[in-house]
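Coordinates in review
Given next are the chains, with one letter for each unit.
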Amino acid sequence: RILRKLTNHPSAFPFLRPVDVALDGCPTYYDVIKHPMDLATIKRNLDARMYQDPRAFENDIRLMLDNCYSFNPPGTLVYGLGQDLETAFENEWRKAGFTAIPDANLAVVSSEAVAAAAAAKEKEQEKQEKQQEEKKKKNKQDEEKKRKSLAKPSAEPSKRAKKKQPDDAKNKQPEDTSSSATASEAQHPAPRPPPPSQPTLMSTAWRALCNRVLLHLQAQPSALEFMAPVDPVRQGVPTYFDIVKRPMDMGTVRKQLDRSHYPDPRAFLDDLRLILNNCFLFNSPDTYVYSQGKTLQRVLETTWMCQTGTSVDHHPVECLFDDVPLLDKPLERARSLLTKIKRDDNSWPFLKPVDP
């Protein structure tokens, strides 16, 4: 029961299988970790009845977590996921009526770092609240201006009619002037302001292409550190928001793309490069996160070149051209079908030959 809950925990995905040095991008893992362990191996041992008592099962769980803390430096995403999984294990172990090992490796961030990170988070929340209040004030002012602008044209015709009344009274009766004024107002109502211009949206072809690029990046092992927003408390980096003023992550990019908030592919590409620039700004070149950012940057440049035919430094073309149509109708249908398949969200693994 405890193993099933740990396996289904949201933070368990780095521990579900043995570490693959090629797939996970960590060639020195088995030089550092001499006794690897993972949840799949623990399940095999449990099914084979290799654990003589609960303490042996607990030792393997703690060995897996100790390996995580030994190889991954504090502040990295995998280190934080290990902390979350360890907390879940301690709770389930306690509920089952077992006692924890006194000298268990409970990796906890220092209280000073937690306090500093909490203060930084409060400052960031205060800034956001101030910005929201300023936006509300601006919106109210804009609404008042619009109301005034709508009220002015309707008042002008009545003023003109009043001014014309004395001149027209010399030749016509006052009743005729008032009726003519109301008739003219009914025939020519006050002009309405033009509707606000709608923001431009990215074309369907470009949106599908950006979706393929993002899916390919999210599938990379080096993208693990950039999938979610940085939590300075959990990851032990209390000064992150003091250095990085415009945080960005792939989860936010995914939301923006799904909600059609990007007007063009350049804005989408700028947010991806912002993720990497923030990584290089905060982390020193000799750290693990910095090296993962460099790896992901190379993947982005290669993928963008394969998908668009241009480098990330050049502005992309305004539209994606279809393949040249053929004269034979069946071949034209085959070509159009192939074009649709290439633009499908799940087509990126099949767009080029496999490079072993």
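This one's a predicted model, so the numbers in the text were calculated from it and none came from an experiment.

Residues L217, V253, F268, L272, L300 and W304 are the most contacted members of the largest nonpolar core, which totals 29 residues. The biggest single contributor to this core is helix α11 (residues 265-282), with eight residues. Residues contacting V253, with those up to four places away along its chain left out, are L214, M248, Y262, F268, D271, L272 and I275. F15, Y79, L81 and W93 belong to the second largest nonpolar core, which has 23 residues in total.

Taken as a whole and assessed by the stated rule, the structure comprises eleven aromatic pairs. Pairing Y262 with F268 gives two aromatic rings, centres 5.9 Å apart and planes at 80°, and the pair type is edge-to-face. With a relative accessible area of 0%, F268 lands in the buried category. An aromatic cluster of three or more residues is present, and its members are Y51, F57, F89 and W93. A cation over a ring is seen here: K294 above F280, with NZ or CZ 4.6 Å from the ring centre.

A grouping of E122, E126, E129, E133 and E134 is seen on the molecular surface, where their side chains present a negatively charged patch. Relative to the helices and strands, E133 resides in helix α6 (residues 111-169).

Turning our attention to the pattern of salt bridges. A full pass over the atoms with the stated rule returns eight salt bridges. Two residues, K5 and E92, come together in a salt bridge whose shortest N-O distance is 3.6 Å. Remark: E92 occurs in helix α5 (residues 77-95) and K5 occurs in helix α1 (residues 2-7); sequence separation between them is 87 residues. Two residues, D47 and K43, come together in a salt bridge whose shortest N-O distance is 3.0 Å. Separated by four residues within a single helix, D47 and K43 lie in helix α3 (residues 39-47), roughly one turn from each other.

Calculation rules
Residues numbered from 1 in each chain as written. Predicted model: local features only at pLDDT ≥ 70, side-chain atom pairs only at ≥ 80, totals over all residues. Heavy atoms only, no water. Core = buried A, V, L, I, M, F, W, Y, C linked by side-chain atoms within 4.5 Å. Buried < 20%, exposed > 50% of the residue type's maximum accessible area, 1.4 Å probe, protein only. Helix = DSSP H or I, 4+ residues; strand = E, 2+ residues; numbered from the N terminus. Contact = heavy atoms within 4.5 Å. Phe/Tyr/Trp six-rings, centres within 6.5 Å; stacked < 30°, edge-to-face > 60°. Lys NZ or Arg CZ within 6 Å of the ring centre and 35° of its normal. Patch = residues over 30% accessible without salt bridge, like charges linked within 9 Å, V, L, I, M, F, W, Y side chains within 5 Å. Areas by Shrake-Rupley, 256 points an atom, 1.4 Å probe, with all protein chains shown as cover. Salt bridge = Lys/Arg side-chain N within 4 Å of Asp/Glu carboxyl O. Lys, Arg positive; Asp, Glu negative; His and termini not counted. Charge placed at Lys NZ, Arg CZ, Asp CG, Glu CD.

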